[in-house]
Structure formats: C-alpha cells, structure tokens
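Descriptive analysis of the structure
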Amino acid sequence: MMDMSKQMGDWLRALSSLDPSKGSEQLLNALASLQVPGVNMDALVASQRDNLEALNAANRAAMEGVKAVGEWQLKILQETIQGMTTAVGGLAKAGSPQQLMAAETELTKKAFETAVSKMRELAEIVAKANRQATDAIVNRVPASLDEIRDVLKLPPPPAA
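Residues numbered from 1 in each chain as written. Predicted model: local features only at pLDDT ≥ 70, side-chain atom pairs only at ≥ 80, totals over all residues. Heavy atoms only, no water.

Structural notes on the overall build of the protein
Summing up its helical and strand segments, the protein has four helices and zero strands in all. Ordered by position in the sequence, the α and β elements of the protein form the string α-α-α-α. Among the 160 residues that make up the protein, the fraction classed as buried is 21%. Carbon and sulfur atoms make up 63% of the accessible area of the protein, which totals about 11300 Å². (Helix = DSSP H or I, 4+ residues; strand = E, 2+ residues; numbered from the N terminus. Buried < 20%, exposed > 50% of the residue type's maximum accessible area, 1.4 Å probe, protein only. Areas by Shrake-Rupley, 256 points an atom, 1.4 Å probe, with all protein chains shown as cover.)

See the structure below:
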C-alpha cells in the first residue's frame, strides 16, 4: 500500500511540474519577426499573447483537475483498503450464518452508498476543472476576434 501511495504521489508531483507555456514566448517571437504589409505586427503579437495566456490558463486548470482526480483516487484507495481490512475483521467475528448474512448485507449497503457518494464527488471535481478550463477560452475568444479585426483594419460587421 505504501509503495502505491508513493508512486501516486510521485506521479502527482511530476504532473504538477509540467509547464505548457514554455513554448509560447518562442512562438510569439517568431510571429513578431514576420513582416506583413499593412499589418501592425506589434498589435497582432499582443493579441496573440493574450490568447496564449488564456490557453495556458485553460491548460493549468485542466492539469489541476487531473491532479485533483489523482489525489482523490489515492485518498479513495487508502480509504477502501482500510475499510476492507476493518470489514473482514468484523465478518470473522460473526457468529451464526444469519448474523454473517446480516453483516454482509449491511457491508454491501454501506459499500454501495459510499460508491455513489464518491462518484458524485468525482463528477464535481471534473465539472469544476472543465468549467475553469473552458471559461478561460470562452472569455478570451470575443475579444480576440475584435482585436484581429482591428489589427487587420477590417470594416466593422454590419448591424444586425
């Protein structure tokens, strides 16, 4: 059990150290070096920097979600092993077959209730990570499109 916990902890630490934004600056520098007639490259790079920052925020939120799920799974694994150890000890003390059946029934009921509760908890963790990841992008896209229109000096859209 300790070996599994250590491995899971090591994996979570490695996951936390990932930095998806490392290549962003190189990409922006390459974009800034382009010469496009009639396009304000400084403004375009600034716009794309904001886009990459939003994308990086979405990636961080997704990675935090993966990390939270991993931590949750480790916690559940530890609780399950501890619960099984306790349950097996309790079943060994049951006297008659009826007492054993009653204990097993109660144990099964508790296991089912716990499983449903843990599935809901996991769904909440995943939903929160998804919301945070998509919010970063959804909040950035309209502004990005307006900035691109301005940089390229496109006419405003027709009134609806």
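Read on, since the account is not over.
Thoughts on the pattern of salt bridges
Inspection of every chain in the model, using the stated rule, returns five salt bridges. Residue arginine 140 pairs with glutamate 147 through a salt bridge whose shortest N-O separation is 2.4 Å. The exposure class of glutamate 147 is partly exposed, given its relative accessible area of 24%. What you see here is one network of salt bridges that share partners, running through Lys75, Glu79, Lys118 and Glu121. (Salt bridge = Lys/Arg side-chain N within 4 Å of Asp/Glu carboxyl O.)

Remarks on the environment of serine 33
Mapped onto the elements of the fold, serine 33 is located in the loop between α2 (24–32) and α3 (41–92). Sequence separation between serine 33 and valine 45 is 12 residues; the distance between their C-alpha atoms is 9.8 Å. Within the structure, the side chain of serine 33 is placed 2.7 Å from the backbone oxygen of alanine 30, a separation counted as a polar contact. (Polar contact = N/O pair within 3.5 Å; in protein donor to acceptor, adjacent residues only side chain to side chain.)

A closer look at the environment of leucine 31
Summarising the element assignment, leucine 31 is placed in helix α2. Setting aside anything within four residues of it in sequence, one finds leucine 31 in contact with Met41, Val45 and Gln48. (Contact = heavy atoms within 4.5 Å.)

Regarding the side chain of asparagine 51
Summarising the element assignment, asparagine 51 is placed in helix α3. Once residues lying within four places of it in the same chain are set aside, the contact partners of asparagine 51 are Arg140 and Ser144.

Thoughts on the packing of α3 against helix α4 (residues 97–151)
Two elements in contact, α3 and α4, have axes separated by 8 Å at closest approach and are oriented at 175°. Taken together, the axes of α3 and α4 are roughly antiparallel relative to one another. Counted by class, the contact of α3 with α4 contains 26 nonpolar, six polar and eight charged residues. (Axes fitted to C-alpha atoms, helices over the stretch in contact; angles between N-to-C directions. Parallel < 35°, antiparallel > 145°, perpendicular 65-115°, else oblique. Nonpolar A, V, L, I, M, F, W, Y, C, P; charged D, E, K, R; others polar.)

Some points on α4
For α4, which comprises 55 residues, the first-to-last C-alpha distance of 80 Å matches the rise-based estimate of 81 Å (1.5 Å per residue) to within 8%. Every buried residue of α4 is accounted for by Lys118, Ile125, Ala129, Ala133, Ala136, Arg140, Ser144 and Val151. Buried-residue contacts for α4 involve α3. Two residues or fewer past α4, lysine 153 is found with a positive phi of approximately 55°. (Expected span 1.5 Å × (residues − 1).)

Some thoughts on the confidence of the model for the protein
The share of residues in the protein with pLDDT of 70 or more is 88%, and the mean pLDDT across the chain is 80. For the protein, per-element mean pLDDT is lowest for helix α1 (residues 2–16), which scores 66, and highest for α4, which scores 85. (pLDDT = per-residue confidence, 0-100.)

Concerning the packing of α2 against α3
Viewed as axis vectors pointing N to C, α2 and α3 meet at an angle of 160°, and their least axial separation amounts to 10 Å. With respect to their mutual orientation, α2 and α3 come out roughly antiparallel. Of the two possible hands of crossing, α2 and α3 adopt the one that is right-handed. On α3, the residues touching Ser24, Glu25, Leu27, Leu28, Leu31 and Ala32 of α2 are Met41, Val45, Gln48, Arg49, Leu52 and Asn56. Its residues placed into classes, the contact of α2 with α3 shows seven nonpolar, three polar and two charged. (Left-handed = near helix turned anticlockwise from the far one by under 90°.)

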